Amino acid sequence: MTLHQNLIAGEWVGGDGVANINPSNTDDVVGEYARASAEDAKAAIAAAKAAFPAWSRSGILERHAILKKTADEILARKDELGRLLSREEGKTLAEGIGETVRAGQIFEFFAGETLRLAGEVVPSVRPGIGVEITREPAGVVGIITPWNFPIAIPAWKLAPALCYGNTIVFKPAELVPGCSWAIVDILHRAGLPKGVLNLVMGKGSVVGQAMLDSPDVQAITFTGSTATGKRVAVASVEHNRKYQLEMGGKNPFVVLDDADLSVAVEAAVNSAFFSTGQRCTASSRIIVTEGIHDRFVAAMGERIKGLVVDDALKPGTHIGPVVDQSQLNQDTDYIAIGKQEGAKLAFGGEVISRDTPGFYLQPALFTEATNEMRISREEIFGPVAAVIRVKDYDEALAVANDTPFGLSSGIATTSLKHATHFKRNAEAGMVMVNLPTAGVDFHVPFGGRKASSYGPREQGKYAAEFYTNVKTAYTLA
Ligand code: NDP
């Protein structure tokens, strides 16, 4: 089997490989991917540092051409790359292709942004003096990504980093290196100069830690768990570097008495169970007012029974497998905890077998849960959700906001008054009305607050805040 190597200083390097296993069929090896060492990470950082002076001053047409070519190739290969994504992560093929298209669109967006770089010229308060405000690249950027969006998250960090003239050391999650390797291969062939983009696949505790420990990495953008995010923050403060964190969530989805029942059920099922519940924007807390509670739970039960859990690549599958054994253990542990805490497991929750050996879990819905239970406070990151019964809108909003996290928040209602009030008062970075808590556009800001995020927003024009430093220059006329 071909070994997919790391890219350091423009060369494909690396010996020992790790098998990338398909969670729908653990007999299926997706590929062999090199495992970088701490020394490799140091070489990658040195290469990015050496490439920075020239790339930071490169012409905008050169950057535009590389990003546009990359977008075009990703979109042209969407079926093949989407299949690779589903094979390595376990999302359904439709979800894998959808995520791949989104990655292509992100590169297209930032190809356009290279041609729209601009500053400001303003008068000084002192007559005869002009002030120019410009943006300069942040420097060597470290990119660390999680396993649950194997192509979209790398795309939404790589594309703006390159657009604004930064050089990169990129460490994808070891569990899903395939899509990251494919994007780096495309960017490399699209004509990136040596050392501008370096790929170091391997363990976070080794490769990621070497990036955190290096004074030559001037900015780190991280998506992953809150625990690792804290390590990134502490190390970054030590080195006085810029950092951006996107972490966990415990996103609420509120259903009010006046909701359209079918809209509420579709949005709740999507929020809780699509992509196997493994989305940072997934909702695992469904907060329902008492007038609609029983009808909503009954309709959810019918909808859950119709969900097909099977091989991600099979036509007709709605829910693919859990990503690996350790995540499956975490999901089943939380199901046991929920029962012990007194919540009622109303539907699903069984580990099931299919034709191929994989990590299949029947989507689980608890009822009679309270917001104090661990299943309502801690991120589970699987197809496990709990319904919390509340009296009215005011209690629903209070429960929705009673969480350490603040990424996404949703409501199902036909009341303009409640929708408007919720948009203003939900303590989250993103608010959805009559829509699932997950599913965001590529051209507008993404991010949260409280324990979910730290630093500037990702995506869209707002990405410039992280990937550039602002300079203010004064000239006596
Ligand atoms: P982890 O925090 O375990 O891993 C994220 C990345 O950090 C991986 O590449 C990992 O490497 C790396 N890493 C681990 N240890 C270190 C270290 N000491 N130094 C530097 N890097 C390190 O998260 P998961 O991959 O398990 O992802 C799931 C989590 O991500 C969930 O909590 C989810 O909510 C969150 N998430 C948040 C999103 C958001 O935008 N808010 C979006 C998507 C996910 P490796 O795994 O290879 O060892």
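The preceding data block contains the structure.
Bear in mind the structure is a predicted one, so any value in this text is a computation, not a measurement.

Parameters at a glance
- Residues numbered from 1 in each chain as written.
- Predicted model: local features only at pLDDT ≥ 70, side-chain atom pairs only at ≥ 80, totals over all residues.
- Heavy atoms only, no water.
- Near = heavy atom within 4 Å.
- Polar contact = N/O pair within 3.5 Å; in protein donor to acceptor, adjacent residues only side chain to side chain.
- Areas by Shrake-Rupley, 256 points an atom, 1.4 Å probe, with all protein chains shown as cover.
- 1 Å grid on protein atoms, 1.4 Å probe; cavity = no way out; pocket = protein on both sides within 12 Å on 5 of 7 lines; lining within 4 Å.
- Sits in = over half its atoms within 2 Å of the grid points.
- Helix = DSSP H or I, 4+ residues; strand = E, 2+ residues; numbered from the N terminus.
- Nonpolar A, V, L, I, M, F, W, Y, C, P; charged D, E, K, R; others polar.
- Domains from an automatic or database assignment.
- Points joined across faces, edges and corners; volume = space filled by probe spheres on them.
- Core = buried A, V, L, I, M, F, W, Y, C linked by side-chain atoms within 4.5 Å.
- Buried < 20%, exposed > 50% of the residue type's maximum accessible area, 1.4 Å probe, protein only.
- Contact = heavy atoms within 4.5 Å.

## Quick word on the site of the ligand
In the vicinity of the ligand lie 30 residues, with T145, S225, M247, C280 and E379 positioned nearest. A distance of 2.7 Å is found between an oxygen atom of the ligand and a backbone nitrogen or oxygen belonging to T145. A distance of 2.8 Å is found between an oxygen atom of the ligand and a side-chain nitrogen or oxygen belonging to T228. When the ligand is considered free in solution it has 910 Å² of accessible area, and contact with the protein chains removes 86% of it. Of the pockets mapped on this structure, the ligand occupies the largest pocket. Where the shell around the ligand is concerned, the elements lending two or more residues are α7 (204-213), β11 (219-223) and α8 (226-238). Tallying contributions element by element places α7 first for the shell around the ligand, with four residues. Taken together, the residues that form the shell around the ligand break down as 13 nonpolar, 11 polar and six charged. Looking at the shell around the ligand, you find at least three residues from each of domain 1 (3-247 + 452-476) and domain 2 (251-433).

## What to know about empty space enclosed by the protein
The full count for this structure, using the stated rule, is four cavities of 30 Å³ or more. Here the largest cavity defines a volume of roughly 100 Å³. Contributing to the lining of the largest cavity are 15 residues, with G277, R279, A282, S284 and F381 lying nearest its centre. Residues of the lining of the largest cavity, tallied by class, amount to six nonpolar, six polar and three charged.

## Remarks on the nonpolar core
Counting residues in each nonpolar core, the largest one holds 60 residues, and the members touching the most others are F107, F110, L158 and L187. In terms of residue count, the dominant contributor to this core is helix α5 (residues 152-163) (nine residues). Among the domains, domain 1 (3-247 + 452-476) and domain 2 (251-433) are the pair contributing at least three residues each to this core. Not counting residues within four places of it along the chain, the set of residues in contact with F107 comprises L67, T70, A71, I74, A155, L158, A159, I183 and L187. Ranked by size, the runner-up nonpolar core spans 29 residues in total, among them L256, F366, M373 and A396.

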